[in-house]
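Now for the letters of each chain:
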Amino acid sequence: MTRKLSFILSSLCLFIDPFVVLCKLLDFLHDFDSIPFDKSSDACSHNSKLLTRVLSQNASNNILRFPVNYTFHFHHGIVGVAVNNSIIQLDGTLRFEKTELPSDKLNHPLYGCLTIEKSKNVTITSNYRGVIDGRGSQYWGIPLIGYIRRREHRPRLLRFNLTDGLLIENIILQDSPYHTLYLDAVNNVEIRHISIVARRTRQDGHGWVDLTAFNTDGIDVAGHNVWIHDCDIWVQDDCIAVKDVKNHTGIPYHPMSSNMTFERINATGLGFTIGSIQGTHVKNITFRDSYLHRTVKGIYMKFTQPPRRFLEQNIHAVVEDILYENITMEAPTQWPIWIGPAQQADDSDFCHPNPCSLCWPMTPGSKCHVVPNNKFRNITLRNVRINNPQMSTGVIYGSEVDTIDDIIFENVKVTQGKPLPISLQDIHVTFPGTLQPVHDAHVPSYLADAEEKMEGIFGRLRRVVLQARNLIEKLRGTYADAAVNFAENDYGADQWYMAVIVQSALGSTWMWLFLALFMGILTWCVVLHWRRFSRSEEPRSQRALYHWLYAFLLLVFFSSCICFLIMPFHKPKWQRTNRYFQCKGVNNGIARGRTWPVPPCFQEDRQWSTIYNNEDTVPPSPSVVATIVIFIVCLSFVAILATFFEYHPSSRQMLNSRHEDLSQRSEGRRRLFDDSSITNNDGLPEGRGLATPS
């Protein structure tokens, strides 16, 4: 079997390059003096030097195989130069152990774990889903404290520099200390069927512990003619980021990033990103047919402060001809859409604006600066669905001088309701890379396994709450989906807008349940109150005053419930999911199709713009309209209840019997008073004379 496989792989070498007539299958275990299954410092150093020599001297025009079921341990700093016409068949596992190299003090960030540069026609493939494990937890350290100690002084996992002709497929990149797959100044690249994962816990999302694995980007790419497809990425920073092409000497093409397509990708992290861009021309980038699961950010385009040499050479950045199409997001925790300055710190001060603070706008005094002399233009977002966002729809932030030109939102809509079907699948199906075990010595096991090990009264209570929440979400989703179907099946502005109103009202089913409970309790209190005062001997005017006062307090209570549970005005502006937090500096922004909400600095190019064509008569917010509708429904319910008690036969009979009973009591008291007016012989009323001795 081994000879047959060797023959097949050797035959493939004939098609790598017309000048190659023969290549060998080199086994890293049997053909070289490698040491497997040994993570001691000496073994790691030996394997690292050996792999560096093999890549530079033996890998070209050959196949280098790492056998299945074998693990080789290395140190970072492995560099292969001029690796041409080579296939690296990674069937086993490469694992990198932390060390301090003499060159580390001179390099920031550190040399990558594995770097290949100035190469041509390189393929990394696997028949058994081989793994490159960066053991990132060694560098991440104790959550937050580890980042303060090391910051970005960490090695990238896999880096390709000045490489033309690259194919990466069927491998897993796990727990990179820093950027996972870094492609700088590359050309003609295809990446397919790979998994990238960087996690500190097994949470389905990004808690604060996971996010302390800062800067673990999935794929950072700069260059030309890149096609990345059918991958899954679970990281704690940018999932995919189109980067600047550095000013390398000897680049055979213009230093710009262009002609890139990313499609059929399941990802979670800080989203599909273009940036941070400093001084490169980025053009013709497409993201499409992809899914973002419980991501932090979604669509993220950003500029950052350029270096001094760019300013001295008057180099400015331009990002143009960008398309995001058929993108679906489930429950993004921060901004689903961000176009503007990079929101980052890069400083010991977490809230330092560089150029936009991570604390903006939540923390008072935090700042966000637009990067001058940079330009976004010709940007299209088409068929983007944001389901159940937790913050404002987004930020589109330019300036009057550095405007964002020609930006189109077509069918970019926010929905509320039950989770999307893909989000309910097992994450191991959507993200096969998460099948890799999570080993982080700096995160306690009880924290990593908190959901599985929750026991006792609190655990049972939590399960009950989760079951109730799932039931409520199911009810919400049923009615919200009905509203969405109504919106999609009926065309026209009025039908669409009314459907959104219905969705806004019915999307708060949990609030309706609480209101129904309070309504029932208070209605019963009203009945008891009315019965008590109906039997009292107070004057009718005083009883009426009590009734009106109680009705007023009831109305105030219901109004407060509605205002605080439905209307979003009590939320901070950045948490209002029915609007964009910031929309500024946009030139020729157009909203088409079923886009909702519409950025306030956009023009509406759709049917309802002919109805609401006056700036003074824009349609009101659907949430406000839904609030008014619910308020009217509550008042109508109270009115119907009062009418029932007033005009129902049983109620009228009860009222008549009460009135007869009261009149009889009044007549009895009157007669008693008349009898008591009879006096005795002493001139005193009966029963009021002095006691006489017997």
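If you're wondering where the values come from, they're calculated on a predicted model, not measured in any experiment. (Residues numbered from 1 in each chain as written. Predicted model: local features only at pLDDT ≥ 70, side-chain atom pairs only at ≥ 80, totals over all residues. Heavy atoms only, no water.)

Draft legend 1. Here's a closer look at the environment of Pro 36. Tracing the backbone shows Pro 36 in the loop between β1 (25–27) and α2 (41–57). According to the relative accessible area criterion, Pro 36 is partly exposed, its value standing at 24%. With residues near it in sequence (within four places) discarded, Pro 36 still touches Leu 29, Tyr 70, Thr 71 and Phe 72. (Helix = DSSP H or I, 4+ residues; strand = E, 2+ residues; numbered from the N terminus. Buried < 20%, exposed > 50% of the residue type's maximum accessible area, 1.4 Å probe, protein only. Contact = heavy atoms within 4.5 Å.)

Draft legend 2. Highlighting the nonpolar core. Of all hydrophobic cores here, the largest spans 93 residues; its most connected members are Phe 160 and Ile 274. Element by element, the count of residues in this core is highest for strand β13 (residues 219–234), at 6 residues. In this structure, Phe 160 is in contact with Ile 116, Val 122, Ile 124, Leu 166, Ile 168, Leu 181, Tyr 182, Leu 183, Asp 184 and Val 186, ignoring residues within four places of it in sequence. (Core = buried A, V, L, I, M, F, W, Y, C linked by side-chain atoms within 4.5 Å.)

Draft legend 3. Spotlight on the state of the cysteines. What the rule picks out here adds up to 3 disulfides. The disulfide that involves Cys 356 links it to Cys 368, with 2.1 Å between the sulfurs. Between Cys 356 and Cys 368 the sulfur-sulfur dihedral comes to about -115 degrees; the bridge is accordingly left-handed. Of this pair, Cys 356 sits in the loop between β20 (337–341) and β21 (375–387) while Cys 368 sits in the loop between β20 and β21; the two residues are 12 residues apart in sequence, bridging distant segments of the chain. A single burial state applies to Cys 356 and to Cys 368, both of which are buried. The partner cysteine of Cys 583 in its disulfide is Cys 601, sulfur to sulfur 1.6 Å. Of note, the bridge from Cys 583 to Cys 601 carries an S-S torsion of about -50 degrees and is left-handed in sense. Residue Cys 583 is located in strand β24 (residues 582–584), and its partner Cys 601 is located in the loop between β25 (586–592) and β26 (603–604); the two are separated by 18 residues in the primary sequence. (Disulfide = S-S within 2.5 Å.)

Draft legend 4. Representation of the confidence of the model for the protein within the structure. Confidence along the protein averages 77 in pLDDT terms, with 63% of residues attaining 70 or more. Note on residues 1–12: pLDDT under 50 across the span, and 10 contacts to partners over four residues away in sequence or across chains. (pLDDT = per-residue confidence, 0-100.)

Draft legend 5. Summary view of empty space enclosed by the protein. Scanning all chains against the criterion turns up 5 cavities of 30 Å³ or more. Each pocket or cavity is described by its volume, and for the largest cavity that value is around 80 Å³. Lining the largest cavity are Phe 303, Gly 340, Pro 341, Val 370, Val 371, Asn 374, Phe 376, Tyr 397, Gly 398, Asp 402, Thr 403 and Ile 404. When the residues that make up the lining of the largest cavity are grouped by side-chain class, the tally is 7 nonpolar, 4 polar and 1 charged. Of the volumes computed, that of the second largest cavity is approximately 50 Å³. Together, Leu 51, Leu 55, Leu 64, Phe 66, Ile 88, Leu 94, Leu 114 and Ile 116 line the second largest cavity. Residue classes in the lining of the second largest cavity are distributed as 8 nonpolar, no polar and no charged. (1 Å grid on protein atoms, 1.4 Å probe; cavity = no way out; pocket = protein on both sides within 12 Å on 5 of 7 lines; lining within 4 Å. Points joined across faces, edges and corners; volume = space filled by probe spheres on them. Nonpolar A, V, L, I, M, F, W, Y, C, P; charged D, E, K, R; others polar.)

Draft legend 6. Layout of the packing of aromatic side chains. Per the counting criterion, the structure on display carries 21 aromatic pairs. On the basis of an interplanar angle of 35 degrees and a centroid distance of 5.5 Å, the ring pair of Phe 37 and Tyr 70 is categorised as tilted. Here Phe 37, found in the loop between β1 and α2, pairs with Tyr 70, found in the loop between β2 (63–66) and β3 (71–74); they are 33 residues apart in sequence, far enough to count as distant. For Tyr 70, a relative accessible area of 29% gives the class partly exposed. Measuring from centroid to centroid gives 6.0 Å for Phe 66 and Phe 72, while their planes differ by 70 degrees, and the two rings are edge-to-face. No difference in accessibility class separates Phe 66 from Phe 72, as the two residues are buried. Following the ring pairs from residue to residue traces out a cluster consisting of Phe 28, Phe 32, Phe 66, Phe 72, Phe 74 and Phe 96. (Phe/Tyr/Trp six-rings, centres within 6.5 Å; stacked < 30°, edge-to-face > 60°.)

Draft legend 7. Quick peek at a nonpolar patch on the surface. Together, Ile 142, Leu 144, Ile 145 and Trp 208 give the surface a local cluster of nonpolar side chains, amounting to about 430 Å² of exposed area. With respect to the helices and strands, Ile 145 occurs in helix α4 (residues 145–150). (Patch = residues over 30% accessible without salt bridge, like charges linked within 9 Å, V, L, I, M, F, W, Y side chains within 5 Å. Areas by Shrake-Rupley, 256 points an atom, 1.4 Å probe, with all protein chains shown as cover. Salt bridge = Lys/Arg side-chain N within 4 Å of Asp/Glu carboxyl O.)

Draft legend 8. Fine view of the pattern of salt bridges. The full count for this structure, using the stated rule, is 17 salt bridges. Here the residues in one salt-bridge network are Asp 230, Glu 263, Arg 264 and Arg 288, joined through shared partners.

Draft legend 9. Looking closely at the pairing of strand β11 (residues 181–192). Buried residues dominate β11, accounting for 10 of its 12 residues. Note: strand β9 (residues 158–169) against β11, 9 bridges, orientation parallel. What sits directly across from Asn 161, in β11, is Asp 184. The pairing of β11 with β13 spans 10 bridges and is parallel. (Pairing = 2+ DSSP bridges.)

Draft legend 10. Fine view of the side chain of Thr 286. Among the secondary structure elements, Thr 286 is positioned in strand β17 (residues 281–293). Ignoring any residue separated from it by four or fewer positions in sequence, one finds Thr 286 in contact with Met 260, Thr 261, Phe 262 and Leu 323.

Draft legend 11. Molecular detail of the pairing of strand β19 (residues 318–330). Most of β19 is tucked away, with 10 of its 13 residues classed as buried. When β17 meets β19, the two strands line up parallel, connected through 11 bridges. Across the sheet, Val 282 pairs through a bridge with Val 319, a residue of β19.

Draft legend 12. View of α2. Along its 17 residues, α2 runs 24 Å from first to last C-alpha, staying within 8% of the 24 Å computed at 1.5 Å per residue. Inspection of α2 places Ala 43, Cys 44, Asn 47, Ser 48, Leu 50, Leu 51, Val 54 and Leu 55 among the buried residues, and these make up the whole buried set. Its buried side turned inward, α2 meets β2, β3, β4 (78–81), β5 (84–90) and β7 (114–125). (Expected span 1.5 Å × (residues − 1).)

Draft legend 13. Structural detail: unusual backbone geometry. The step from Gly 275 to Ser 276 runs through a cis peptide bond, and the omega angle for that step is 5 degrees. Take Ser 276: it is sitting in strand β16 (residues 272–277). Here the residue pair Trp 360 and Pro 361 is connected by a cis peptide bond, since its omega of 0 degrees sits within 30 degrees of zero. The residue Pro 361 is located in the loop between β20 and β21 in this model. The residue Asn 259 is not glycine, and still its phi comes out positive at about 55 degrees. Among the structural elements, Asn 259 can be located in strand β15 (residues 256–268). The exposure class of Asn 259 is partly exposed, given its relative accessible area of 35%. For Asp 406, which is not a glycine, the phi torsion comes out positive at approximately 55 degrees. Note that Asp 406 resides in strand β23 (residues 404–415).

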